[in-house]
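Listed below are the residues making up each chain.
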Amino acid sequence: MLIAHVALPMPVYRLFDYTIDERELNKLDLANECEERSENSPNNAKSYDNRVGLRVKVPFGKRQQAIGIIVKLDSSSEIAVEKLKPVTEIIDQTPIFTAPIWQLLSWAANYYHYPIGEILFHALPVLLRQGKPAAFDTIKQWQLTEVGQTVDTKTLTRTPKQQQLLALLRNSCDIPDHFSTTIYRELEKKSLIKQVSCPILSSNWQNRFSVNPTDLQLNDQQKNAVAEITKQNQQFACFLLDGVTGSGKTEVYLTVLSDLLARGKQALVMVPEISLTPQTISRFKQRFNAPIDILHSGLTEKERLAVWLRSKSGDNAIVIGTRSSLFTPFKKLGMIIIDEEHDSSYKQQEGFRYHARDLAIIRAKIENIPIILGSATPSLETLNNGENGKYQRLRLTERAGNAMFAMQSIIDLRGLVLSAGLSMLLIEKIRAHLANNNQVMLFLNRRGFAPLLLCHDCGWIAECPRCDRPYTYHKHQNQLSCHYCDTPRALPTQCPKCGSTHLQPIGFGTEQLEKQLAILFPDTPISRIDRDTVSKKGALDSYLAKVNQGGAHILVGTQILAKGHHFPDITLVGIIDVDGALFSSDFRATERFAQIYTQVSGRAGRESKRGEVILQTYHPDHPLLKTLLHSGYQSFAEETLQERKQTLLPPFSYQVLIQGADRNNQYAPQFLQKVYDHLKAYGDKNLWLLGPMPATQPKKAGYYRWQLLLQHTNRQTLQQIVSQLLLTINRWDSIKNVRWRIDVDPIEN
Ligand code: ADP
Ligand code: ZN
Ligand code: ZN
């Protein structure tokens, strides 16, 4: 009896066993789809059982059917065979995952200690999770009828549009868009054309591929980078393209890709945020005569599946996407590029908490292809890997063309009068830049009108009861909103404690800053870019369009402004408040600040206009600020790496965070204490435990959150410890009362 061990999309560390008809399996045409890959990495193809990865329908629970994925086939089960139910249906003809993706996901399940079922389903487009066929939909196309093929087009002289369309259809030319459906319908009425359903045809882009010429001449550093990368082109190697903003990293990508695509290979390009990088995307599209698919959040599920199918069948040349595009299957993947590799949005912070950059490197290894990590401000992990020789570091130190670096200065806020956080000095600077018809960008990492609403008479603070944290006041919507659990609440008119109506907003956020600027600069257009204003579809595009029109303009925004965009007319960047980052309890906060600062200042000014960056702080003598301003990111990074080395923090040690949450503030700390005692009993002196202690955000959405941090200097040993621990934990009864999870390589703690 053949038994299928099936993964279901559930947060459980086990598979579910079903019997499966071996004859049904043998009927399938299990062609190995990865011929291309076998030339690259024969050992991978061999070890792959081409019957795993099939989707099946299985009975589950009382009357229900579930979609599952076969992970293993053999003849053994811990459950008596008579008790097993049979698989209801085999959905796929061939495995839904390509061999490299299967390997990647299995690796990830192991590394992140996360249930395989959740991971496999996470990696599929939603329609495939629901059991829909992994095949293209047909599209409706107009075709000539027999009459239509032979009729004399002169009979249509009185309807010239119809005549034109018929002629074009006969010559099977590209039909321009200006033919309305009515014209098609008219021809249909005359029985000259008909609508038929046909499958989407393979694009065969390789036969028509060409690169549009540019007049750019790569500089020596760019040439060197290209040469180093192409030297390795067919095999795994990890490159760190460390190039200051505007140094021409994108040009390097484009040049390397020209060569790769010409050989018929595909590429995956990952970016932190699609909507903010329209310029980059259009540069890719302009350069290559080849199909480029963009995986952005505006796609329908059908479109998403279509992209997935196209890249799997080799019908696109490039896929550009965010974090989750990592799981796109390709027929002939030749390279992965991760732009802005330091960006924290590559780390998934919910559910399956993977780091897309780290997994991409594993994927490149499995596929045996090169990977490029690009950044002006590489993460300390990546820099360290460049130093210890794991990655090959390629540096671009000059801004391409003749653009100059921006001037930097600090405004010491001590004793100054501020309005919505702005000092007079900064206001005057803004005025001067606007007067020259330039644009100004103000950066404040706090959205909303005010981060606090306080009763002036008794000191009561409006707090979210589910998180015990102050509500943020949003004036425009006239409501309070909890930024931790995203719950809104009506604005109180009175203090619930003393009845006073003197409720006062304290502090300021981007909304207030925008209002204040509108008063100070009534004639200047202002765009606010934060999560509140860009959540509306198309809103961001229209903002960007306005800014790109040129002319005096003020942009106000949170960190999303720092992500990879390019506004050529911005000459002044003001950072309103840096002190929050300098004095955070999170050891990564300074790194993140240094990255944001370097990114935004790198974008100020251009060839003909020198940019200026101004920082407002109460701590102008902070050593980090000094290093950053006087010596730049590189020196900052070196110093910080030294510090981390001395204190044995990542990347000089490895961390795993175990979090537990419950509603009574009782089971979670008990659970973590039990984990702690268990780990202590191992007696590993190099295992360092911090906790159990309340999480950085101790209460969220009604749950009390606790955490225990594990740190070890040896990654493998730590992995083994966690695997062992999981086996034990999953046998405990008490875990039923706790929502717990494991975060490997956490980036916030
Ligand atoms: P990055 O990706 O490092 O920010 P880009 O590739 O976007 O840099 O280049 C910044 C600007 O410089 C772009 O406008 C680009 O067209 C231009 N550029 C890039 N390389 C060169 C070069 N070798 N000579 C002249 N201009 C260049
Ligand atoms: Zn009060
Ligand atoms: Zn809340």
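This text follows the structure it describes.
Residues numbered from 1 in each chain as written. Chains lettered and ligands numbered in written order. Predicted model: local features only at pLDDT ≥ 70, side-chain atom pairs only at ≥ 80, totals over all residues. Heavy atoms only, no water.

From N to C terminus, the protein includes 25 helices and 33 strands. For 749 residues, the compact-globule formula gives about 27 Å, and the C-alpha radius of gyration of the protein, at 29 Å, lands near that figure. Expressed along its principal axes, the backbone C-alpha trace of the protein runs to roughly 85 × 75 × 60 Å. Counting all 749 residues of the protein, 51% fall into the buried class. Taking all contacts inside the protein whose residues are at least 6 apart in sequence as the whole, residues at least 24 apart take part in 75%. When the accessible area of the protein is evaluated, it comes to approximately 34,900 Å², of which 49% is carbon and sulfur surface. (Helix = DSSP H or I, 4+ residues; strand = E, 2+ residues; numbered from the N terminus. Rg over C-alpha atoms; globule rule 2.2 N^0.38 Å. Buried < 20%, exposed > 50% of the residue type's maximum accessible area, 1.4 Å probe, protein only. Contact = heavy atoms within 4.5 Å. Areas by Shrake-Rupley, 256 points an atom, 1.4 Å probe, with all protein chains shown as cover.)

For the rest of this paragraph, the subject is the site of ligand 1. The local shell around ligand 1 holds 15 residues, among which Gln217, Gln222, Lys249, Thr250 and Arg283 are the closest. One nitrogen or oxygen atom from the main chain of glycine 248 is found 2.9 Å from an oxygen atom belonging to ligand 1. Threonine 250 places a side-chain nitrogen or oxygen 2.6 Å from an oxygen atom of ligand 1. The protein chains hide 72% of the 560 Å² of surface that ligand 1 would expose on its own. (Near = heavy atom within 4 Å. Polar contact = N/O pair within 3.5 Å; in protein donor to acceptor, adjacent residues only side chain to side chain.)

Inspection of the entire model under this criterion finds 17 aromatic pairs. Judged by centre distance (5.2 Å) and plane angle (70 degrees), the rings of phenylalanine 327 and tyrosine 354 are edge-to-face. On the criterion of sequence distance, the pair formed by phenylalanine 327 in the loop between β11 (318-321) and β12 (333-339) and tyrosine 354 in the loop between β12 and α15 (356-367) is long-range, its members being 27 residues apart. Phenylalanine 327 gets classed as buried once you look at its relative accessible area, which sits at 3%. What makes tyrosine 354 buried here is its relative accessible area of 0%. By the ring-pair criterion, three or more aromatic residues cluster together here, those being Trp107, Tyr111, Tyr112, Tyr114, Phe327, Phe352 and Tyr354. Residue placement shows arginine 469 over the ring face of tyrosine 484; its charged tip is 4.5 Å from the ring centre. In this structure, arginine 739 packs its charged tip against the face of tyrosine 703, placed 3.8 Å from the ring centre. (Phe/Tyr/Trp six-rings, centres within 6.5 Å; stacked < 30°, edge-to-face > 60°. Lys NZ or Arg CZ within 6 Å of the ring centre and 35° of its normal.)

Moving on, we get to the coordination of the zinc ion (ligand 2). Around the zinc ion (ligand 2), the protein supplies Cys455 (SG), Cys458 (SG), Cys495 (SG) and Cys498 (SG) as donor atoms, at distances of 2.2 to 2.4 Å. Coordination at the zinc ion (ligand 2) is tetrahedral, judged from the 4 donor atoms that bind it and the angles of 105 to 112 degrees they form at the metal. Each donor residue of the zinc ion (ligand 2) belongs to the same chain, with the gaps between them written as C-x2-C-x36-C-x2-C. Of the two residues, cysteine 455 is situated in strand β19 (residues 452-455) and cysteine 498 in the loop between β24 (488-490) and β25 (503-506); the sequence distance between them amounts to 43 residues. We classify cysteine 455 as buried; its relative accessible area is 1%. For cysteine 498, a relative accessible area of 40% translates into the label partly exposed. (Donors = N, O, S within 2.8 Å, 3.2 Å for Na, K, Ca; no water. Tetrahedral: all angles 85-135°; square planar, octahedral: opposite > 155°, others 65-115°.)

Residues Phe97, Phe671 and Leu710 are the most contacted members of the largest nonpolar core, which totals 76 residues. With 38 residues, the next largest nonpolar core counts Ile560, Leu561, Val573 and Leu615 among its residues. (Core = buried A, V, L, I, M, F, W, Y, C linked by side-chain atoms within 4.5 Å.)

Attention shifts here to the packing of helix α8 (residues 160-170) against helix α9 (residues 181-189). Relative placement of two packed helices is described by the angle separating their axes and the distance separating the axes. Contact geometry for α8 and α9: axes closest at 10 Å, N-to-C directions at 80 degrees. Accordingly, the angle class assigned to the pair α8 and α9 is roughly perpendicular. Of the residues in α9, those in contact with Lys161, Gln162, Leu165 and Leu166 of α8 are Ile183, Tyr184, Glu186 and Leu187. For the contact of α8 with α9, a count of residues per class yields 5 nonpolar, 1 polar and 2 charged. (Axes fitted to C-alpha atoms, helices over the stretch in contact; angles between N-to-C directions. Parallel < 35°, antiparallel > 145°, perpendicular 65-115°, else oblique. Nonpolar A, V, L, I, M, F, W, Y, C, P; charged D, E, K, R; others polar.)

Moving on to the sheet that holds strand β13 (residues 370-375). Think of a sheet as strands paired side by side through backbone hydrogen bonds, with each pair either parallel or antiparallel. Taking strand neighbours across the sheet as the criterion, the 7 strands line up as β10-β11-β9-β12-β13-β8-β14 in an open arrangement whose pairing is parallel. At either margin of the open sheet sits one strand with a lone partner, and together these are β10 (292-295) and β14 (392-396). Across this sheet, the average inter-strand angle for adjacent strands is 15 degrees, counted without regard to direction. The pairing of β12 with β13 spans 4 bridges and is parallel. Within β13, the residue paired with isoleucine 336 across the bridge is isoleucine 371. The strands touched by helix α11 (residues 220-231) are β8 (237-243), β12, β13 and β14; relative to β14, the strand with the most contacts, the crossing angle is about 160 degrees. (Pairing = 2+ DSSP bridges.)

Of all 6 residues making up β13, 6 are buried, and the element is well covered by its neighbours. The side-chain alternation of β13 yields two buried faces, one formed by Pro370, Ile372 and Gly374 and the other by Ile371, Leu373 and Ser375. Sheet topology note: the β8/β13 ladder contains 6 bridges and is parallel. Within the sheet, the bridge partner assigned to leucine 240 lies in β13 and is leucine 373. As a crossover connection, the stretch from β12 through α15 into β13 is right-handed. (Right-handed = clockwise from strand over helix to strand, strands pointing away.)

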